[in-house]
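Now for the letters of each chain:
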Amino acid sequence: MNLSEWNQRSATIEQERRFQRTITLHTLTDAWTKSLTPNLDKPYQIERMARVTLNQNLWLFEKTRLDDLPLELEKLVGSQTVDSFLNQLNDTVWIIQVSTLENALSQSSKEAELLSMLEKTSWNHGKQYAEQIWKNGDFSKLDFAYQAFIEGHPYESNAFIEERRSSTELSFLWTRSPLQNKTLKASPVVKHLCKIHEEWIRGFFYSLSRKIRLQTMPTEIMGSEITQFSLLWSY
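Residues take numbers from 1 onward in each chain, read along the sequence in its written order. Local features in this predicted model are restricted to residues of pLDDT 70 or higher, and side-chain atom pairs are both shown and tallied only at a pLDDT of 80 or more, whereas totals for entire chains, interfaces and linings draw on every residue. Where side-chain values are given, they derive from all heavy atoms of the structure, hydrogens and water being excluded.

*Asks:* So what exactly am I meant to see when it comes to the packing of helix H4 (residues 82-106) against helix H5 (residues 111-133) here?
*Replies:* Two quantities define a packed helix pair, namely the angle between the axes and the distance from one axis to the other. At a minimum axis distance of 10 Å, the contact between H4 and H5 shows a crossing angle of 145°. As for the relative orientation of H4 and H5, their crossing is right-handed in sense. Residue-level inspection shows Leu-101, Ala-104 and Leu-105 of H4 in contact with H5, the latter providing Glu-111, Leu-114, Leu-115 and Leu-118. Note on definitions: angles span 0 to 180 degrees between N-to-C directions of axes, and those axes are lines fitted to C-alpha atoms, for helices only across the stretch in contact. Numbering goes from the N terminus for both helices and strands, where a helix is a DSSP run of H or I of at least four residues and a strand is a run of E of at least two. Take the far helix as the reference: if the near one is turned anticlockwise from it by less than a right angle, the crossing is left-handed, and if turned clockwise, right-handed. Working rule for contacts: check all heavy atoms of both residues, and any pair within 4.5 Å makes them a contact.

*Asks:* Help me understand the pairing of strand E2 (residues 169-174) in this model?
*Replies:* Two faces belong to every sheet, and in a regular strand the side chains alternate between them. Each residue is placed in one exposure class: buried if its accessible area under a 1.4 Å probe, protein chains only, is under 20% of its type's maximum, exposed if it is over 50%, and partly exposed if it falls in between. With respect to burial, E2 is a largely interior element, five of its six residues being buried. By the convention used here, strands pair only if DSSP detects at least 2 bridges between them. As paired elements, strand E1 (residues 160-165) and E2 share five bridges and run antiparallel to each other. Within the sheet, the bridge partner assigned to Glu-162 lies in E2 and is Phe-172. In textbook terms, the turn of a hairpin is the stretch between consecutive antiparallel strands, and for E1 and E2 this stretch comprises three residues. Direction of pairing for E2 relative to strand E4 (residues 224-233): antiparallel, over a ladder of six bridges. What sits directly across from Leu-170, in E4, is Leu-231.

*Asks:* I would appreciate a short explanation of the packing of aromatic side chains in the present structure.
*Replies:* Two measures describe an aromatic ring pair: the distance that separates the ring centres and the angle between the ring planes. Note on ring pairs: Phe, Tyr and Trp rings are taken, using the six-membered ring of Trp, and paired if centres are within 6.5 Å. Classes follow the plane angle, with under 30 degrees stacked, over 60 edge-to-face and the rest tilted. With the rule as written, the count across this model stands at 21 aromatic pairs. When the ring of Trp-134 is compared with that of Phe-139, the centres are 6.3 Å apart and the planes differ by 90°; the resulting orientation is edge-to-face. Looking at Trp-134, the relative accessible area reads 26%, which means it is partly exposed. Look at Phe-149 and Phe-204: their rings are 5.5 Å apart centre to centre, the planes differ by 75°, and that puts the pair in the edge-to-face class. Residue Phe-149 is located in helix H6 (residues 142-152), and its partner Phe-204 is located in helix H7 (residues 190-208); the two are separated by 55 residues in the primary sequence. We note that Phe-149, like Phe-204, is buried.

*Asks:* In this structure, what is going on with the side chain of Ser-230? I would like to understand it.
*Replies:* Mapped onto the elements of the fold, Ser-230 is located in strand E4. Overall, Ser-230 belongs to the buried group, its relative accessible area being 7%. The residues contacting Ser-230, other than those within four sequence positions of it, are Glu-169, Leu-170, Ser-171, Arg-213, Leu-214 and Gln-215.

*Asks:* When you look at unusual backbone geometry in this model, what are you seeing that I'm missing?
*Replies:* Most peptide bonds are trans, and most residues other than glycine sit at a negative phi. Not every positive phi belongs to a glycine, and Met-222 is a case in point at roughly 55°. Position of Met-222 relative to the elements: it lies in the loop between strand E3 (212-221) and E4. On the accessibility criterion, Met-222 (83% relative accessible area) is exposed.

*Asks:* Looking at this structure, I do not really get the sheet that holds E3. What am I missing?
*Replies:* What links the strands of a sheet is backbone hydrogen bonding, and the strands pair in either a parallel or an antiparallel sense. The strand order E1-E2-E4-E3 describes an open sheet built from four strands, whose pairing is antiparallel. Of all strands in the sheet, those with a lone pairing partner are E1 and E3, marking the two edges. Direction aside, the axes of adjacent strands within the sheet are offset by 25° on average. Bridge analysis of E3 against E4 gives 10 bridges, and the strand direction is antiparallel. Residue pairing for E4: Ile-212 is matched across the bridge by Trp-233. In the packing of H7 onto the sheet, contacts are made with E1, E2, E3 and E4, and the angle to E3 comes to roughly 150°.

*Asks:* Even after reading the chapter, I still don't get the nonpolar core, so can you show me in this structure?
*Replies:* For soluble globular proteins, nonpolar side chains are generally found buried alongside one another. In this structure, Phe-149, Tyr-155, Phe-160, Phe-172, Ile-201, Phe-205 and Leu-231 are the most contacted members of the largest nonpolar core, which totals 51 residues. Listed by contribution, the elements that provide at least two residues to this core are helix H1 (13-36), H4, H5, H6, E2, H7, E3 and E4. Residue contributions to this core peak at 10 residues, all from H4. In this view, Ile-201 contacts Phe-149, Tyr-155, Phe-160, Leu-214 and Phe-229; residues no more than four positions away in its chain are not counted. Residues belong to a common nonpolar core when they are buried Ala, Val, Leu, Ile, Met, Phe, Trp, Tyr or Cys residues joined through side-chain atoms within 4.5 Å.

*Asks:* Please clarify how the pattern of salt bridges should be interpreted in this entry.
*Replies:* Basic side-chain nitrogens of Lys or Arg form a salt bridge, by our definition, when they fall within 4 Å of a carboxyl oxygen of Asp or Glu. Going through the model one piece at a time under the given rule, you end up with nine salt bridges. A salt bridge links Glu-163 to Arg-164, with the shortest nitrogen-to-oxygen separation between them at 3.3 Å. Of the residues examined, Glu-163 reaches a relative accessible area of 38% and is grouped as partly exposed. The shortest N-O distance in the salt bridge between Glu-199 and Arg-202 comes to 3.1 Å. Within this pair, Glu-199 and its partner Arg-202 are both found in helix H7, separated by three residues, close to a single helical turn. You can call Arg-202 partly exposed: its relative accessible area is 24%. By sharing partners, the salt bridges in this structure join Asp-143, Glu-162 and Arg-165 into a single network.

Okay, structure coming up:
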């Protein structure tokens, strides 16, 4: 049994990486909201979501982030274990995303335009994010680009599985998408959510190399709907 005090617990490097991934996911929600409400002085605030109840630690996470203060994982964990806090934080951020999308679609009479705007916003967010972390990378091969994505994406560390590769094509599966999330899959907008995130991924790869073309298609494995991605060289 770990008898150390809560304020003496140290996060591992992998836990810190997971924390940063979740923050990135939440900044995407901010980008959506700024596109939806461009005239607001303040960005989207987590406490406005009536369907989401935050415990003290998650409330502190959001307040710190909106106040532009450094986010320190160990100061946010409180009496929970680090993994427990990260699990709850990740679940909450996904619920906020799907709730944001549900609310936006319910208030819009132009669904296609709204989804197109969110897809474009996500594409730009993915592109800019990849530019920040892989500014001077070498992506002359598809497997270099894929490895950069695996190391840098904001999703769960085991969310993607490589399927096959050659010198001109590399395919992989999104096996832990919102479609597989028990909390989200009942939402009527979950497929729209996946499509929006596919654009984030498309923007990410576009940033790595203008020669890479990304194709997506739905497939079914063991009765579960899975998104298949294919990276192709466009000459």
